[in-house]
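Coordinates in review
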Amino acid sequence: MPDARVRIAVRRQRDPESPSSLEAFEYVGPTHVSVLHVLEWINDHPGSRTSTADAPFEAIAYECSCEQGLCGACAMVVNDTPTLACQAFVDEVARDGLVEVGPLTKFPLVRDLVVDRSALEEAMIESHAWLEGDAKVTPRLAVHQYQAGLCLACGCCLEACPNYAPGDLFCGAAGAVGLMGTVTKEPDDAHREDMRRAYQERFFSVCSKNGACERACPAGLPTMTLVSQANRASVWGFWQRIGRRR
Ligand code: SF4
Ligand code: SF4
Ligand code: FES
């Protein structure tokens, strides 16, 4: 099969204070390749730039590690959809021969396609989402506890969530999935109540249950099912239990 030509537009920004702009390239090669592969190809072929520019080409900054959809590092926005660049194939995502690539917009920008996702980790720490004792395995919940452990912390669900904005207390599906995994396994009653309280404040009171997170999740997690289980563990009877402790 002859090589195809695909227009690639990449949103570039040197640092958080600089203005952002789209830089255009023409990729020439097979099209059943990942967007991540094309970014690598562009960095190896600076002459593929088609935008007029005075400055010499600087390599596009992006994150990646596994290139197998397992680490979440390469999450970005491809043709308006949050996704993993290593799992988005050019022949499947191109629209009229164009692939537009930009960074996730709900996290502070570092450079080009690299963002700072430490807010995800901070939300988990502030929600006390860890185990104080040995994990309590509940056969009824084992499948869902396993699924919660598959979260990549990629942030695609927050990008798609209409209720999440940077800096919010609301932690979105990524937070709810993480809390579901810990609150249902924690054997320590007092610590479990801390997590229930965090879930109430940081997720339950804001989520509108529209399911955008599940449609966006590149790991294919059933986020709405996991949220239902987290609701069951964290909300039902919560205030009665808290009342008993006061
Ligand atoms: S269900 Fe909707 S509001 Fe709730 S976390 Fe998912 S995307 Fe956000
Ligand atoms: S729930 Fe899905 S989209 Fe959200 S952080 Fe985890 S893997 Fe990514
Ligand atoms: S590089 Fe690991 S998910 Fe894409």
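Cut-offs used in this document
- Residues numbered from 1 in each chain as written.
- Chains lettered and ligands numbered in written order.
- Predicted model: local features only at pLDDT ≥ 70, side-chain atom pairs only at ≥ 80, totals over all residues.
- Heavy atoms only, no water.
- Helix = DSSP H or I, 4+ residues; strand = E, 2+ residues; numbered from the N terminus.
- Buried < 20%, exposed > 50% of the residue type's maximum accessible area, 1.4 Å probe, protein only.
- Areas by Shrake-Rupley, 256 points an atom, 1.4 Å probe, with all protein chains shown as cover.
- Pairing = 2+ DSSP bridges.
- Axes fitted to C-alpha atoms, helices over the stretch in contact; angles between N-to-C directions.
- 1 Å grid on protein atoms, 1.4 Å probe; cavity = no way out; pocket = protein on both sides within 12 Å on 5 of 7 lines; lining within 4 Å.
- Points joined across faces, edges and corners; volume = space filled by probe spheres on them.
- Nonpolar A, V, L, I, M, F, W, Y, C, P; charged D, E, K, R; others polar.
- Domains from an automatic or database assignment.
- Buried area = accessible area lost by both parts, 1.4 Å probe.
- Salt bridge = Lys/Arg side-chain N within 4 Å of Asp/Glu carboxyl O.
- Contact = heavy atoms within 4.5 Å.
- Near = heavy atom within 4 Å.
- Phe/Tyr/Trp six-rings, centres within 6.5 Å; stacked < 30°, edge-to-face > 60°.

1. Regarding the overall build of the protein
The helix and strand inventory of the protein stands at 10 helices and 7 strands. Considering only C-alpha atoms, the protein reaches an extent of 70 × 40 × 30 Å along its principal axes. Relative to its 246 residues, the protein shows a buried fraction of 48%. For the protein, the exposed area adds up to about 12300 Å²; of that, 51% sits on carbon and sulfur atoms.

2. Topic: the sheet that holds strand β2 (residues 21-29)
The 5 strands are arranged β2-β1-β5-β3-β4 in an open sheet whose pairing can be described as mixed. The sheet is open, and its two borders are formed by β2 and β4 (81-84), each paired with just one other strand. On average, each strand axis in the sheet is tilted by 35° relative to the strand beside it, whichever way the strands run. For strand β1 (residues 4-12) and strand β5 (residues 98-102), the ladder comprises 4 bridges, and the chain directions are parallel. Note that in β5 the partner of Ala-9 across the bridge is Glu-100.

3. Observations concerning the layout of surface pockets
When its volume is computed, the largest pocket comes out at roughly 310 Å³. Taken together, 15 residues line the largest pocket, and the ones lying closest to its centre are Arg-12, Arg-14, Ser-21, Glu-23 and Glu-58. Along the lines of polarity and charge, the residues of the lining of the largest pocket split into 5 nonpolar, 3 polar and 7 charged.

4. A closer look at the domain arrangement of the protein
Its domain assignment divides the protein into domain 1 (4-115) and domain 2 (118-245). Here the C-alpha centre of domain 2 lies 31 Å away from the C-alpha centre of domain 1. Carbon and sulfur atoms make up 65% of the surface buried where domain 1 meets domain 2, a total of about 1100 Å² over both sides. When the area that domain 1 buries against domain 2 is broken down by residue, the three leading residues are Pro-82, Lys-106 and Phe-107, summing to 58%. Counting the contacts that link domain 1 with domain 2 gives 0 salt bridges.

5. Some details on helix α1 (residues 35-44)
All of the buried residues in α1 are Val-35, Leu-36, Val-38, Leu-39, Trp-41 and Ile-42. Where α1 is buried, its residues contact β1, β2, β3 (75-78), α2 (90-93) and β5.

6. Some remarks on the site of ligand 1
In the neighbourhood of ligand 1, 14 residues make up the surrounding shell, with Cys-161, Asn-163, Cys-207, Asn-210 and Cys-213 lying closest. Residue classes in the shell around ligand 1 are distributed as 9 nonpolar, 4 polar and 1 charged.

7. Describing the site of ligand 2
Around ligand 2 sit Cys-151, Leu-152, Ala-153, Cys-154, Gly-155, Cys-156, Cys-157, Ala-174, Cys-217, Pro-218 and Ala-219, and those are all the residues in its vicinity. Among the residues making up the shell around ligand 2, the classes are represented as 10 nonpolar, 1 polar and no charged.

8. Examining the packing of aromatic side chains
Overall, the coordinates contain 4 aromatic pairs when judged by the stated rule. Relative to Phe-57, the ring of Phe-25 has its centre 5.9 Å away and its plane inclined at 85°; by these criteria the two rings are edge-to-face. Residue Phe-25 is found in strand β2, and its partner Phe-57 is found in the loop between α1 and β3; the two are separated by 32 residues along the sequence. In this pair, the class of Phe-25 matches that of Phe-57, namely buried. A centroid spacing of 5.4 Å and a plane angle of 35° characterise the contact between Tyr-199 and Phe-203, whose relative ring orientation is tilted.

9. Regarding unusual backbone geometry
The phi torsion at Asp-96 lies on the positive side, around 50°, for a residue other than glycine. Relative to the helices and strands, Asp-96 resides in the loop between α2 and β5. Asp-96 gets classed as exposed once you look at its relative accessible area, which sits at 76%. Of note, Lys-209 is a non-glycine position whose phi angle comes to about 55°, a positive value. Following the sequence through the fold, Lys-209 ends up in the loop between α7 (189-204) and α8 (212-216).

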